[in-house]
Amino acid sequence: MKMKIFFGAFVLAVMGLTLTSCDNDVETIEVQDLYKYDAQYFANLREFKKSDHEISYAYYASWANSQNPTSWGERFLGLPDSLDIVNLWIDIPTKEKYPIAYQDMKYCQDIKGTRFVMHADASHYGQQFWYRDENFNVDTTRVITLHSGNEEELRAYARWAVDTVMKCELDGVDFDYEGWSDSNMHIVADECNKYFGPAGQWPDKLFIIDFFGGSPSSCDEYCDYFVRQAYSWQIGFQTGSSGRPVERTVLCESTGAEAQDGGVNGAMVREYAAFKPAGGRKGGFGAYYIDYNYKSQSGIPYKEFREAIQIQNPALNK
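It should be emphasised that the depicted structure is a prediction, and the values quoted were computed from it without experimental measurement. (Residues numbered from 1 in each chain as written. Predicted model: local features only at pLDDT ≥ 70, side-chain atom pairs only at ≥ 80, totals over all residues. Heavy atoms only, no water.)

*Asks:* With reference to specific residues and values, describe the overall build of the protein chain.
*Replies:* For the protein chain, the count of helices and strands is eight helices and ten strands. Per-residue burial for the protein chain yields a buried fraction of 48% across its 318 residues. Within the protein chain, contacts between residues separated by at least 24 positions form 69% of all contacts whose residues are at least 6 apart in sequence. Put simply, the protein chain shows about 16,400 Å² of open surface, and 53% of that area lies on carbon and sulfur atoms. (Helix = DSSP H or I, 4+ residues; strand = E, 2+ residues; numbered from the N terminus. Buried < 20%, exposed > 50% of the residue type's maximum accessible area, 1.4 Å probe, protein only. Contact = heavy atoms within 4.5 Å. Areas by Shrake-Rupley, 256 points an atom, 1.4 Å probe, with all protein chains shown as cover.)

Structural data, given as structure tokens:
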């Protein structure tokens, strides 16, 4: 909207206020707030996220910077509304440890339809956790230290992840696969799918594996999504699925400090969003970390990531 017609009157009004105001008057400063939308907007948003579409995915860490955040860049509420899945890098927002983040998460889940997944380690061994049986009864006399190749421990680790997701009111789990053997990842996936996935006890919960380099070839039947870390700064613009089902592969760009422009301008996130596989579609696009793009040099928080969402799934204008 152009203001040219009213500019002269505006200047005169400001001059009048200046002449009549006292020198010690306190200036009112309007701080930028989030946009307000009606119930229909959020209903449409939830329906879109339930639909069969190429998703948007983001690793997000800044929410854990503080229990009392002072920036929208540290709040789930400040993330783009149309973001489908948030990978909870660093920690889990429980109501006891992160009360504000927990409330924000619940709002985003219930009102925006955003899903939140815990980040689980499939890159190392030696993790310690209380043993859980098939009914998630915790044996506090038995501490498990995870070892490669031990099927009982691997299945217990999978149940620990499932139990954590359920107790913390999350929407699924993403295993970071960078170091495990294919056979070990298969055991964990097989156990998790007793509870998550179409045939599981909680079929709405997500089971995801992310990878860089080698991919878990034996887990195709178990995964809702594979997140390929296709970082352009490190390996160039990569659009392959590394043998995983293309329609479930999310191409994740690095928007971290190491990326072009220090990640603040989204690197090649829009190019990954625009990519269309021959004869089909991809699972979606993602960013690691989205946090840096909050500081977009455009002055618009997450500008390039928001544009990528629109590129991948253009809004309908009716």
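*Asks:* Can you explain the nonpolar core? Please cite residues and give values.
*Replies:* Core analysis: the biggest nonpolar cluster contains 64 residues, and Phe76, Val173, Phe175, Trp180, Met185, Phe207 and Phe305 have the highest contact counts within it. If you tally residues by element for this core, the top one is helix H4 (residues 151-167), at seven residues. In this view, Met185 contacts Ala122, Phe175, Tyr177, Trp180, Phe207, Ile209, Pro216 and Cys219; residues no more than four positions away in its chain are not counted. Ile85, Trp89, Leu206 and Val250 belong to the second largest nonpolar core, which has 16 residues in total. (Core = buried A, V, L, I, M, F, W, Y, C linked by side-chain atoms within 4.5 Å.)

*Asks:* Tell me what's going on with the sheet that holds strand S3 (residues 115-122), and back it up with residues and numbers.
*Replies:* What the eight strands build is a closed barrel, ordered S1-S2-S3-S6-S7-S8-S9-S10; its pairing is parallel. With strand direction ignored, the average angle separating the axes of adjacent strands in the sheet is 25°. Where strand S9 (residues 249-254) lies against strand S10 (residues 284-288), five bridges are found, and the strand directions are parallel. Note on S10: the bridge partner recorded for Leu251 is Phe285. The sheet strands contacting H4 are S3 and strand S6 (172-177), and the helix crosses S3 at an angle near 155°. (Pairing = 2+ DSSP bridges. Axes fitted to C-alpha atoms, helices over the stretch in contact; angles between N-to-C directions.)

*Asks:* Which residues make up the state of the cysteines, and what values go with them?
*Replies:* Put plainly, two cysteines are in a disulfide when a covalent bond ties their sulfur atoms together. Tallying each qualifying case throughout the model produces zero disulfides. This cysteine, Cys192, is not joined by any disulfide, and Cys223 carries the nearest cysteine sulfur, 9.6 Å off. What makes Cys192 buried here is its relative accessible area of 0%. (Disulfide = S-S within 2.5 Å.)

*Asks:* Residues and numbers for the pattern of salt bridges, please.
*Replies:* Counted according to the given criterion, the structure contains 19 salt bridges. Of the charged contacts in the structure, one is a salt bridge between Arg142 and Glu152, with a shortest N-O distance of 2.8 Å. Of the two residues, Arg142 sits in strand S5 (residues 138-145) while Glu152 sits in helix H4, which places them ten residues apart along the sequence. Take Arg142: its relative accessible area is 30%, and that puts it in the partly exposed class. For Glu152, a relative accessible area of 42% translates into the label partly exposed. Residues participating in the shared-partner salt-bridge network are Glu151, Arg155, Arg159, Asp190, Glu191 and Lys194. (Salt bridge = Lys/Arg side-chain N within 4 Å of Asp/Glu carboxyl O.)

*Asks:* Pulling in residues and values, what's your account of the environment of Met105?
*Replies:* Structurally, Met105 is set in helix H3 (residues 99-112). On a C-alpha basis, the gap between Met105 and Glu169 in space is 9.6 Å, while along the polypeptide they are 64 residues apart. If we ignore the near neighbours within four places in the chain, the residues touching Met105 are Phe76, Pro93, Phe116, Cys168, Glu169 and Leu170.

*Asks:* Explain H4 to me, and be specific about the residues and the numbers.
*Replies:* Taking 1.5 Å of rise per residue, 17 residues should cover 24 Å, and H4 covers 24 Å from first to last C-alpha, within 8% of that figure. Of all 17 residues making up H4, twelve are buried, and the element is well covered by its neighbours. Those residues of H4 that sit buried are Glu153, Leu154, Arg155, Ala156, Tyr157, Ala158, Arg159, Ala161, Val162, Asp163, Thr164 and Val165. Looking at the packing, one finds that the buried side of H4 touches S3, strand S4 (128-132), S5, S6 and helix H5 (182-192). Looking at where H4 begins, the residue whose side-chain oxygen comes 3.2 Å from the main-chain nitrogen of Glu152 is Asn150. Positive backbone phi, approximately 60°, marks Glu169, located one or two places after H4. (Expected span 1.5 Å × (residues − 1). Polar contact = N/O pair within 3.5 Å; in protein donor to acceptor, adjacent residues only side chain to side chain.)

*Asks:* Report on the packing of H4 against H5, specifying residues and quantitative values.
*Replies:* Two elements in contact, H4 and H5, have axes separated by 8 Å at closest approach and are oriented at 50°. Here H4 is positioned oblique relative to H5, judged by the angle of their axes. As for how H4 packs across H5, the hand of that crossing is right-handed. Here H4 contributes Glu151, Leu154, Arg155, Ala158, Arg159 and Val162 to the contact with H5, which in turn contributes Asn184, Ile187, Val188, Asp190, Glu191 and Cys192. Taken together, the residues of the contact of H4 with H5 break down into six nonpolar, one polar and five charged. (Parallel < 35°, antiparallel > 145°, perpendicular 65-115°, else oblique. Left-handed = near helix turned anticlockwise from the far one by under 90°. Nonpolar A, V, L, I, M, F, W, Y, C, P; charged D, E, K, R; others polar.)

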